[in-house]
Amino acid sequence: MKAKFICGRARLLAALCVLAGACALPARAQTSAGQLTVTLNVQSSISLIFQTNPASPAAGFCALTNSGTNNVGLDLGSAAFPGSSYVGCGSYSHIGSATYQVTSAFDVVVSKANTSSPNYRLAAQISTPPPANVTWLVNNIVLTNTGFTNLDAADNYGTPVTKTLQVQVKNNVPAQLLSETITFLASAN
Amino acid sequence: MRKQNLTRTAAIAILMLSSAALFGQTATGVINGTLINKNGITLVFDSDAAGVALGNSGTSAASVNFGNISAFGALSAGVTRPSVTAANFTVQTIFDVNVTQGGLASASYTLTANLAAPAPTGFTYKVDAVTLTTVAQTIQANGAYGTDVAHNLGLVVLTAAPGAGGPAVGSPITATINFTATAN
């Protein structure tokens, strides 16, 4: 009788185990795995942007259009040799007895990434030959369209460098629109 | 003569009986077919039209090549650069995850991801808004089955120079991200 009871309990346990197993199977989370391999190659790089000088608006500190980019506009207004007719945001002055100059300052910011370069060189050139007796300068350095002219040998990254664009016009230049695209080149040292 | 007729009739009757017995021979058989229909779930990566074309797209072992990346230079097709700061820049692409299931009552899945190994120096890997570590983290808690679900894979790269906390420059860098889809 005792043996029968033990046998019956074992059967009950076995049945419970089977039931528990059956219940546990659907509860087990179904998963699926995948692997994504990511490859890349980091390159050193630098960037150059122009910014309106913080002194703007003030005479000689024109606001740039598209400031904060590497493609900006700088409208110096309209001028004539008699300085009283100058209309614009630049600074008008006479150089000698027969030439006037309009200037405006702006900032150049060069940033670097993933490079140990300590500083950079800055150069500029104009896109087309100016009319006779018209000269384009940056910080008193005459620009040409035949090649880049060095402006600075070692400027610091991440710091605005103020440059002044100058246009000098002799009084015998016919009335016309004076326009240049000036390309600035920063080169990591 | 009459005896002969009786004998013939008897012979014909025997032949007819024997022929009927031959036509009654039949055989039958049955096949007891069984199939265990198990539940299952699978995950594959698909290229997204807006992202980098994956290597082995449509499989669970795909690859994505960002190509050359930099803070300011040109990027490969399908790679964008949503942010550049003095400290770091981010490049990202889009890929799709497609999870299918069968035999489950599950209505959705949970997607987790982790880096197979610690991120290389100067890098942080992100899937959507989740910064990856070697520990699995939930990317999506209610993914829909049977459809491409787009995810952003982002790399935040320090701008520091190599040796100063920044990443190695000019050499390929590879990392593996493990994804797991779990039926809800």
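First things first, this report covers the structure right here in the doc. Here the structure is a predicted model, which means the values were calculated and not measured.

**Regarding unusual backbone geometry**
A cis geometry characterises the amide bond from Ser56(A) onward to Pro57(A), with omega recorded as 0 degrees. With respect to the secondary-structure elements, Pro57(A) resides in the loop between strand E2 (45-52) and strand E3 (91-95). Unlike most non-glycine residues, Asn133(A) shows phi in positive territory, near 70 degrees. Its place among the elements puts Asn133(A) in the loop between strand E5 (120-126) and strand E6 (134-138). Look at Asp128(B): it is not a glycine, yet its phi comes out positive at around 55 degrees.

**Describing the sheet that holds strand E2 (residues 61-69) of chain B**
In spatial order, the strands read E2(B)-E1(A)-E10(B)-E5(B)-E8(B); together these five strands make up an open sheet with mixed pairing. The open sheet terminates on both sides in strands that have one partner only, identified here as E2 and strand E8 (137-143) of chain B. Across the sheet, the mean angle separating the axes of adjacent strands is 20 degrees when strand polarity is ignored. Taken together, the seven bridges between strand E5 (residues 109-115) of chain B and strand E10 (residues 172-183) of chain B define a ladder with antiparallel strand orientation. Residue pairing in the sheet places Leu111(B) in a bridge with Ala181(B) of E10(B).

Criteria and cut-off values
- Residues numbered from 1 in each chain as written.
- Chains lettered and ligands numbered in written order.
- Predicted model: local features only at pLDDT ≥ 70, side-chain atom pairs only at ≥ 80, totals over all residues.
- Helix = DSSP H or I, 4+ residues; strand = E, 2+ residues; numbered from the N terminus.
- Pairing = 2+ DSSP bridges.
- Axes fitted to C-alpha atoms, helices over the stretch in contact; angles between N-to-C directions.

Read these as geometric descriptors, not functional statements.
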